[in-house]
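Below, each chain spelled out in residue letters.
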Amino acid sequence: MRKHGCRKVASLRRTMAELGEADEAELQRLVAAEQQKAQFTAQVHHFMELCWDKCVEKPGNRLDSRTENCLSSCVDRFIDTTLAITSRFAQIVQKGG
């Protein structure tokens with residue numbers, strides 16, 4: 001398995017060497033964008049886990065008003081956080097990465 005991975009890396013290096021500067025810059029931009037998406041998704045999952053752990057004591061058929069209020073506040077914080085992250089990503093993109 002390890003040899004197969006080494007061959008893949010060597011093949012990727014050859015492919016990268018064959019790319020022109022513009023192609024390489026575009027590939028790097030795409031990789032960076034995918035990394036940002038992955039980070040954002042990880043942050044969303046982490047935040048959702050925190051809200052669940054904080055607000056839901058006993059899962060059941062219905063949520064009591066305290067749990068509903070807690071989840072609502074948590075969602076509000078989530079939206080604010082999402083907007084802040086999105087704004088920051090937009091700033092980064094405008095500056096060229």
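Since the structure is predicted, the reported quantities are computational estimates derived from the model, not experimental observations. Position labels on residues start from 1 in each chain and follow its written sequence. Selection of residues for local features in this predicted model requires a pLDDT of at least 70, selection of side-chain atom pairs for listing and counting requires 80 or more, and totals for whole chains, interfaces and linings are taken over all residues. Processing note: side-chain calculations cover all non-hydrogen atoms of the structure and skip hydrogens and water entirely.

When a carboxyl oxygen of Asp or Glu is within 4 Å of a side-chain nitrogen of Lys or Arg, the pair counts as a salt bridge. Summed over all chains, the structure comprises three salt bridges. Glu-26 is the partner of Arg-29 in a salt bridge, and the nearest nitrogen-oxygen pair spans 2.8 Å. Separated by three residues within a single helix, Arg-29 and Glu-26 lie in helix α2 (residues 21-55), roughly one turn from each other. For Glu-26, a relative accessible area of 36% puts it in the partly exposed group. The way it works is that DSSP assigns letters per residue, a run of H or I at least four long becomes a helix, a run of E at least two long becomes a strand, and they are numbered from the N terminus. Each residue is placed in one exposure class: buried if its accessible area under a 1.4 Å probe, protein chains only, is under 20% of its type's maximum, exposed if it is over 50%, and partly exposed if it falls in between.

Examined against the element boundaries, Met-48 turns out to sit in helix α2. Residues Met-48 and Cys-74 lie 26 residues apart in sequence; the distance between their C-alpha atoms is 8.6 Å.

Another point: the confidence of the model for the protein. As a per-residue measure, pLDDT reflects the predictor's confidence and takes values from 0 up to 100. On average, residues of the protein score 81 in pLDDT, and 80% of them are at 70 or above. Ranking the elements of the protein by mean pLDDT puts helix α1 (residues 2-18) last, at 64, and helix α3 (residues 65-94) first, at 88.

What follows deals with the nonpolar core. What makes a nonpolar core is a set of buried Ala, Val, Leu, Ile, Met, Phe, Trp, Tyr and Cys residues whose side-chain atoms join them at distances within 4.5 Å. Listed in full, the six residues of the largest apolar core are Phe-47, Cys-51, Cys-55, Val-56, Cys-70 and Cys-74. Sorting the residues of this core by element identifies α2 and α3 as the ones contributing at least two each. Here the element with the most residues in this core is α2; it accounts for three residues. The contact definition used throughout considers only heavy atoms, calling two residues in contact when any of these lie within 4.5 Å. Setting aside its immediate chain neighbours within four residues, Cys-55 contacts Arg-66, Thr-67, Cys-70, Leu-71 and Cys-74.

This paragraph deals with the side chain of Thr-67. Summarising the element assignment, Thr-67 is placed in helix α3. Since its relative accessible area comes to 6%, Thr-67 is described here as buried. A polar contact of 2.6 Å, which involves the side chain of Thr-67, links it to the side chain of Asp-64. Ignoring sequence-local partners within four residues, the contact set of Thr-67 consists of Cys-55 and Val-56. Counted as a polar contact is a pair of N or O atoms within 3.5 Å, where, for protein atoms, one must be capable of donating a hydrogen and the other of accepting one, and residues adjacent in sequence contribute only when both atoms are in side chains.

A few words now on the state of the cysteines. We call a pair of cysteine sulfur atoms a disulfide whenever their separation is within 2.5 Å. In total, this model carries two disulfides according to the counting rule given. Bridging Cys-51 to Cys-74, the disulfide has an S-S length of 1.4 Å. In this structure, the disulfide formed by Cys-51 and Cys-74 twists by about -75 degrees around the S-S bond and is classed as left-handed. Pair noted here: Cys-51 is in helix α2 and Cys-74 is in helix α3, with a separation of 23 residues, a long-range link. Judged by relative accessible area, Cys-51 falls into the buried class, the value being 9%. Of note for the protein: the bonded cysteines, numbered N- to C-terminal, pair according to 1-4, 2-3.

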